[in-house]
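# Secondary and tertiary structure notes
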Amino acid sequence: MGKLHIKKDDTVLVLAGRDRGKSGKVLNVLVKENRAIVEGINMVTKSTKPSAKNPQGGIVKQEASIHISNLSLIDPKSGKATRIAIKREGKKVVRIAKKSGEEIK
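## Concerning the overall build of the chain
Looking only at helices and strands, the chain has zero helices and eleven strands in total. Walking the chain from its N terminus toward its C terminus, one meets helices and strands in the order β-β-β-β-β-β-β-β-β-β-β. Expected size for 105 residues packed as a compact globule is a radius of gyration near 13 Å; at 17 Å, the chain overshoots this value by more than 25%. With the C-alpha coordinates aligned to their principal axes, the bounding extent of the chain is approximately 55 × 30 × 25 Å. Per-residue burial for the chain yields a buried fraction of 28% across its 105 residues. Considering only contacts in the chain between residues 6 or more positions apart, those separated by 24 or more positions represent 40%. Where the 24 positive side-chain charges of the chain centre and where its 10 negative ones centre are 4 Å apart.

Here is the structure:
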């Protein structure tokens, strides 16, 4: 299992699947499964029983995970999909967009 190129709060573009071409913010990264949950992407309907949090119960729409290979980081300068380079500055590790050379925060 290698290191993942996507982290929480990154803005990503979906490369494959029914949401191809859409972008969103990463809410959570599931490292062991190589999957990520992206805001507004891969929405599924889920039936829920009534609980204290949701006394009505019923059908709830929520994001399902999507495989990391179907996501690409968005270049902060151009707004298009890009790969990243890892650069070390002393003890600090910086991610840099391959297309523009901009630092990804």
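## Topic: the sheet that holds strand β3 (residues 35-38)
If you trace the six strands from one edge of the open sheet to the other, you get β6-β3-β2-β1-β7-β8, paired in antiparallel fashion. Looking at strand neighbours, the two that pair on one side only are β6 (66-67) and β8 (81-82), the edges of this open sheet. When strand β2 (residues 23-30) meets β3, the two strands line up antiparallel, connected through four bridges. Bridged to V29 within β3 is A36.

## Examining the nonpolar core
I6, V12, V26, V38, I66, L71 and L73 are the most contacted members of the largest nonpolar core, which has 15 residues in total. For V38, the residues in contact, after removing those within four places along its chain, are V12, G24, K25, V26, L27, E63, I66 and L71.

## A word on the layout of surface pockets
Each pocket or cavity is described by its volume, and for the largest pocket that value is around 250 Å³. Around the largest pocket, the lining residues are K3, L4, H5, I6, K7, I84, I86, R88, V93 and R95. Here the lining of the largest pocket takes three residues from strand β9 (residues 84-89), the largest share from any one element. Grouping the amino acids of the lining of the largest pocket by side-chain chemistry returns five nonpolar, one polar and four charged.

## Details of the environment of K87
Mapped onto the elements of the fold, K87 is located in strand β9. Expressed as a C-alpha distance, the spacing of K87 and K7, which sit 80 residues apart in the sequence, is 16 Å. Apart from the residues within four sequence positions on either side, K87 is in contact with K92, V93, V94 and I96.

Conventions adopted
- Residues numbered from 1 in each chain as written.
- Predicted model: local features only at pLDDT ≥ 70, side-chain atom pairs only at ≥ 80, totals over all residues.
- Heavy atoms only, no water.
- Helix = DSSP H or I, 4+ residues; strand = E, 2+ residues; numbered from the N terminus.
- Rg over C-alpha atoms; globule rule 2.2 N^0.38 Å.
- Buried < 20%, exposed > 50% of the residue type's maximum accessible area, 1.4 Å probe, protein only.
- Contact = heavy atoms within 4.5 Å.
- Lys, Arg positive; Asp, Glu negative; His and termini not counted.
- Charge placed at Lys NZ, Arg CZ, Asp CG, Glu CD.
- Pairing = 2+ DSSP bridges.
- Core = buried A, V, L, I, M, F, W, Y, C linked by side-chain atoms within 4.5 Å.
- 1 Å grid on protein atoms, 1.4 Å probe; cavity = no way out; pocket = protein on both sides within 12 Å on 5 of 7 lines; lining within 4 Å.
- Points joined across faces, edges and corners; volume = space filled by probe spheres on them.
- Nonpolar A, V, L, I, M, F, W, Y, C, P; charged D, E, K, R; others polar.

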